[in-house]
Amino acid sequence: PLEMGEGVGGYVAEHAEPIAIADIRKDKRVDYNEFLKNEGLVALLSVPIKSKIRVIGLISVYKKSPYEFEQNDIDLLSAFANHVSVAIENAKLYDTIKKNYFETIETLSLAIEARDLYTRGHSERVTNYAIGIAKELGVEEELLEIIRYAGRLHDIGKIAIPDEILNKPGKLT
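Residues numbered from 1 in each chain as written. Predicted model: local features only at pLDDT ≥ 70, side-chain atom pairs only at ≥ 80, totals over all residues. Heavy atoms only, no water.

Some words on a nonpolar patch on the surface
A contiguous nonpolar patch, built from L108, I156 and I159 and spanning about 220 Å² of accessible area, is present on the exposed surface. By secondary structure assignment, the location of L108 is in helix α3 (residues 71–114). (Patch = residues over 30% accessible without salt bridge, like charges linked within 9 Å, V, L, I, M, F, W, Y side chains within 5 Å. Areas by Shrake-Rupley, 256 points an atom, 1.4 Å probe, with all protein chains shown as cover. Salt bridge = Lys/Arg side-chain N within 4 Å of Asp/Glu carboxyl O. Helix = DSSP H or I, 4+ residues; strand = E, 2+ residues; numbered from the N terminus.)

What follows is the structure, given as structure tokens:
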């Protein structure tokens, strides 16, 4: 990790603009360290990965010989960085939506159980048993998530049943 302003990467992050260096061995901003020497890396192009409000990373490419990067090189890598930024933002949004979805299901599950104190914790137990069985059967993670949701909501129909039927003593006729 670099601090803002530290080295070339820190400069790119701080100023949110690309840097192209034809020969990093001659540039005072670059610590031409053992790794760079051993790899024989000489030319550098570094572009920021920007979210809507800040720089969230960098993409850097190197060449093993001096090279004057052209504007189309910078534009191409910058376009790729923009795609990476969109993918990262979409992944974050997806995670947020998924979290909110499960919290909604959890709330519905608690509403179902609030109608009948006798079955408190029932949906959680059903879910745990169903997940345990599915794991033993080698079910894929994607399907486990669906089973988790189904387990929590398997009694959703109780919400629409009147209390006098739901809590009727004895058998239903």
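Some points on the side chain of R152
Inspection of the secondary structure puts R152 in helix α5 (residues 141–153). On the accessibility criterion, R152 (6% relative accessible area) is buried. Ignoring sequence-local partners within four residues, the contact set of R152 consists of I105, E106, S109, S123, E124 and T127. (Buried < 20%, exposed > 50% of the residue type's maximum accessible area, 1.4 Å probe, protein only. Contact = heavy atoms within 4.5 Å.)

Let's talk about the packing of helix α4 (residues 122–136) against α5
Where α4 meets α5, the axes come as close as 8 Å, and the angle between the chain directions of the two elements is 155 degrees. The angle between α4 and α5 falls in the class roughly antiparallel. The chirality of how α4 crosses α5 is right-handed. Of the residues in α5, those in contact with S123, E124, V126, T127, A130, I131, A134 and K135 of α4 are L144, I147, R148, G151 and R152. Classifying every residue of the contact of α4 with α5 by side-chain character gives 6 nonpolar, 3 polar and 4 charged. (Axes fitted to C-alpha atoms, helices over the stretch in contact; angles between N-to-C directions. Parallel < 35°, antiparallel > 145°, perpendicular 65-115°, else oblique. Left-handed = near helix turned anticlockwise from the far one by under 90°. Nonpolar A, V, L, I, M, F, W, Y, C, P; charged D, E, K, R; others polar.)

Observations regarding the nonpolar core
With 10 residues, the main nonpolar core is built from V8, V12, I19, I21, I24, V30, Y32, L36, L41 and L44. Counting only elements with at least two residues in this core, the list comes to α1 (7–15) and β1 (19–21). With sequence-adjacent residues up to four places away left out, L44 is seen in contact with V8, I19, A20, I21, I24, S60, V61, Y62 and F69. Counting 9 residues, the second-largest nonpolar core is a separate cluster that includes L45, I49, F69 and A81. (Core = buried A, V, L, I, M, F, W, Y, C linked by side-chain atoms within 4.5 Å.)

A word on the sheet that holds β1
Strand order across the open sheet formed by 3 strands is β1-β2-β3, with antiparallel pairing between neighbours. The two strands at the open ends of the sheet, each matched to only one other strand, are β1 and β3 (55–63). If you compare each strand with its neighbour and ignore which way they point, the axes differ by 15 degrees on average. Relative to the sheet, α3 contacts β1, β2 (43–50) and β3, its axis offset from that of β2 by approximately 35 degrees. (Pairing = 2+ DSSP bridges.)

Remarks on the environment of E70
Tracing the backbone shows E70 in the loop between β3 and α3. Along the backbone, E70 and T96 are 26 residues apart, and their C-alpha atoms lie at a distance of 39 Å.

With respect to the pairing of β2
Within β2, 7 of the 8 residues are buried, which leaves it mostly tucked inside the rest of the structure. Both β2 and β3 contribute to a ladder of 8 bridges, which runs antiparallel. From the neighbouring strand, S46 faces β3, where its bridge partner is S60.

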